[in-house]
Amino acid sequence: MTLAFQHVAIIGAGAMGRGIAQIAAQTGSRVWIFDTQPEAIQKARDSVFDQWDKMQEKGRLSPEMVAGHKSRLLVASSMQDLAQCDLVIEAIVERLDIKRNLFSELEDVVKAECVLVTNTSSLSVTAIAAGLKRPGQFAGYHFFNPVPLMKVVEVIAGIRTAPGVCDQLTDYAKQMGHTPVQAQDTPGFIVNHAGRGYGTEALRIVNEGVADFATIDRILKDQVGFKLGPFELFDLTALDVSHPVMESIYNQYYQEPRYRPSVITAQRLAGGIFGKKVGEGFYKYVDGKAQMPAEPTVTQVHDMPPVWVSPRASRRLELLQLLKDLGAQIETGASPSPTALTIVAPLGFDITTVAVVERLDPARTVGIDLLFEDAATKRRVLATNPATRRDMRDAAHALFARDGKAVSVIRDSGGFVTQRVVGNIVNVASDMCQQNVCSPQDLDTAVTLGLGYPVGPLALGDKLDPANVLEVLFNLQTVYGDTRYRPSPWLRRRGAIGLSLMHTEA
């Protein structure tokens, strides 16, 4: 195999630099590590050597392979040692001025054909390259931490990047065993941009008093299949990292409402409550384990009222069958009797609006989220409205928990929890395609590998039917009057004519 780059330098000996150096040396390149702090270079080299020794102990590498890898990982005592490199990867502090100065110095050291790349996660590739003599030889090469395990890398072309440079970087990513995805030079690139729909909407839901952190995390894990809830994820990444990214993308897009940050994370950041690494975030941590509050108990209801289901309920036949299986006494009249528990299942609307529009007694009206098929989820989510009586709330909770499935009861919200978060995830991804940030295929690949979503955002939208996602978003915009929920043209057009969200125009 002919390597795309034989001689590679990594500038920055932190966790990211070490990880990139490790996989580059494993690929067969001769790799130099350089840092302004000499002790950091040796520490990084020792750390990578230790990783290889552990891999040998586990039988994943032979002694000969380890010896070969170690022989290719070298220490650069000065920037002059990088003169013969074909590729230089920068992985230093996220400051535009420092990165610009570094690359300006590098241009005077390396050969003209050397490719210079930045591992920036939030700065403009074009802006970093603005003062260079050879901006065509410059690109973004964004890895994710830990690099050996996170098998995706974003290849980002600046405005003046030569096309062949990104081709070389793409080939080299594949040779390193990673999956390359091509991105335009836009705020957040693919993964950090696409991730805006998850945490920011969950924060808005908390801010409205709809549900607490643990309830939202449980709902999104059990209904959608996310490995971590948004607040568990915030605690893992730490707010001193994630909140500035939220603000950066929001401001770089000139206060686009879809990316609006939250006062909740700003306040916690100011108070030093960053997350797991300091022992306290949205959860407290004991021995590294989150202390999750217990789930609310199900109240025993001895005199279960009859149940009436709105004829406008989504998945009505499925809901009626579920109620039958749960042993409910189902009313079939055109309107509920004076004692009936009234069940609605809206898409995007809140329970209050549905009760008013359908002329139902709000005191006896409870909603259930059926965006996903009930059989496909591990949790049911019910929502009350401000007038729902306690006995009706308890009856609904007890009824839907009869078969042992977990049930969460939340306060009124347009789109419950899942509809709001999923709708925003799909909408942000759709608009990224509309902006030509990347291809639909690269978007879904990057998000599943980079964020660990159960499926890509566009595939998720297709699974739920784009028309349903559109209905959720249109109705959310009606309830909240916020342009944050306006559907992307990409989603609107494909939903209107029944096309997959992965479909690109001829």
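Every value quoted in this text rests on a predicted model; they were computed, and no experiment measured them.

## Points about the sheet that holds strand S12 (residues 330-331)
Spatially, S12-S11-S13-S14-S15-S16 is the arrangement adopted by the six strands of the open sheet, whose pairing is mixed. If you trace the sheet from one side to the other, it starts and ends with S12 and strand S16 (406-410), each paired once. Bridge count for strand S11 (residues 307-309) against S12 is two bridges, and the pairing is parallel. Note on S12: the bridge partner recorded for Val307 is Ile330. The sheet contacts of helix H9 (residues 213-223) involve strand S15 (379-383) and S16, and relative to S15 the element is tilted by about 130°.

## Focus on the pairing of strand S4 (residues 87-90)
By the alternation rule, side chains of S4 split into Leu87 and Ile89 and Val88 and Glu90, which are all buried. Across four bridges, strand S1 (residues 7-11) lies against S4 in parallel orientation. Bridge pairing links Ile11 to Glu90 in S4. Following the chain from S4 across helix H4 (residues 96-107) to the adjacent parallel strand S5 (residues 115-118), one finds a crossover that is right-handed.

## What to know about the pairing of S1
In summary, the side chains of a regular strand alternate between the two faces of the sheet. Among the five residues of S1, four are classified as buried, and the element is accordingly described as predominantly covered. Bridging between S1 and strand S2 (residues 30-34) involves five bridges; their strand directions are parallel. Within S2, the position partnered with Val8 by the bridge is Val31. Remark: the S1/helix H1 (residues 15-27)/S2 crossover connection has right-handed handedness.

## Quick word on the packing of aromatic side chains
Taken as a whole, this structure holds 14 aromatic pairs when the rule is applied. Ring centres of Phe234 and Phe282 lie 5.9 Å apart, and the angle between their planes is 45°; this geometry places the pair in the tilted category. Here the residue Phe234 occupies a position in helix H10 (residues 230-237), and Phe282 occupies one in the loop between helix H12 (263-270) and strand S9 (285-286), the gap between them amounting to 48 residues. Comparing Phe234 with Phe282 shows no difference in burial state: the two are buried. Relative to Tyr485, the ring of Tyr480 lies with its centre 5.8 Å away and its plane at 40°, an arrangement referred to as tilted. Using a relative accessible area of 0% as the deciding quantity, one classes Tyr485 as buried. Feature note: the residues Phe213, Phe231, Phe234 and Phe282 constitute an aromatic cluster, connected by ring pairs. The cationic tip of Arg494 hangs over the ring face of Trp490; the distance from NZ or CZ to the ring centre is 3.5 Å.

## A short note on the state of the cysteines
On inspection of all chains with the given rule, the structure shows zero disulfides. Of all cysteine sulfurs in the structure, the one in Cys85 sits closest to Cys114, which takes part in no disulfide; the separation is 6.4 Å. Unpaired in this structure, Cys166 has its nearest cysteine sulfur neighbour in Cys438, at a distance of 14 Å.

## Focus on the nonpolar core
With 140 residues, the main nonpolar core has Leu82, Leu106, Tyr141, Leu169 and Phe231 as its most contacted residues. Per element, the largest residue contribution to this core is eight residues, and it comes from helix H16 (residues 418-434). Among all residues touching Leu169, those that are not within four sequence positions of it are Phe5, Leu87, Val115, Val117, Ala139, Tyr141 and Val155. In this structure, Leu319, Leu323, Leu326 and Leu370 belong to the second largest nonpolar core, which totals 23 residues.

## Here we look at helix H6 (residues 163-175)
Taking 1.5 Å of rise per residue, the 13 residues of H6 would be expected to cover 18 Å, and the 19 Å separating its terminal C-alpha atoms lies within 8% of that figure. When H6 is considered as a whole, its buried residues turn out to be Val165, Cys166, Leu169, Thr170, Tyr172 and Ala173. Considered in projection along H6, the buried side chains sweep an arc of 165° and stay on one side of the axis. Turned more than 90 degrees away from the buried face of H6 sit Pro163 and Lys174, all of them exposed. Two residues or fewer after H6 comes Gly177, characterised by a positive phi angle close to 85°.

## A word on the sheet that holds S4
In space, the eight strands of this open sheet follow the order S3-S2-S1-S4-S5-S6-S7-S8, with mixed pairing throughout. Two strands in the sheet have a free side with no partner beyond their single neighbour: strand S3 (73-75) and strand S8 (179-184). Between one strand axis and the next, the sheet turns by 25° as a mean value, whatever way the strands run. Where S5 and strand S6 (residues 138-142) come together, three bridges link them in parallel fashion. When the bridges of S6 are listed, Val117 appears paired with Ala139. Sheet strands touched by helix H3 (residues 63-72): S2 and S3. Its angle to S3, the strand with the most contacts, is close to 30°. Here helix H17 (residues 440-450) sits on the sheet and contacts strand S7 (152-157) and S8; the angle it forms with S8, its principal contact strand, is near 120°.

## Section: the packing of helix H8 (residues 196-207) against helix H11 (residues 239-252)
Interhelical geometry of H8 versus H11 gives an angle of 105° and a closest axis separation of 12 Å. Classified by the interaxial angle, the pair formed by H8 and H11 is roughly perpendicular. Residues Arg196, Thr200 and Leu203 of H8 pack against Val245, Met246 and Ile249 of H11. A per-class count over the contact of H8 with H11 returns four nonpolar, one polar and one charged.

## Considering the environment of Gly452
The topology assignment puts Gly452 in the loop between H17 and helix H18 (457-464). Spatially, the C-alpha atoms of Gly452 and Phe226 are 7.6 Å apart, while their sequence positions differ by 226 residues. Residues in contact with Gly452, not counting those within four places in the same chain, are Lys227 and Val447.

Definitions and limits used
Residues numbered from 1 in each chain as written. Predicted model: local features only at pLDDT ≥ 70, side-chain atom pairs only at ≥ 80, totals over all residues. Heavy atoms only, no water. Pairing = 2+ DSSP bridges. Helix = DSSP H or I, 4+ residues; strand = E, 2+ residues; numbered from the N terminus. Contact = heavy atoms within 4.5 Å. Axes fitted to C-alpha atoms, helices over the stretch in contact; angles between N-to-C directions. Buried < 20%, exposed > 50% of the residue type's maximum accessible area, 1.4 Å probe, protein only. Right-handed = clockwise from strand over helix to strand, strands pointing away. Phe/Tyr/Trp six-rings, centres within 6.5 Å; stacked < 30°, edge-to-face > 60°. Lys NZ or Arg CZ within 6 Å of the ring centre and 35° of its normal. Disulfide = S-S within 2.5 Å. Core = buried A, V, L, I, M, F, W, Y, C linked by side-chain atoms within 4.5 Å. Expected span 1.5 Å × (residues − 1). Arc of directions from axis to C-beta. Parallel < 35°, antiparallel > 145°, perpendicular 65-115°, else oblique. Nonpolar A, V, L, I, M, F, W, Y, C, P; charged D, E, K, R; others polar.

Read these as layout, nothing more, since geometry by itself doesn't imply function.
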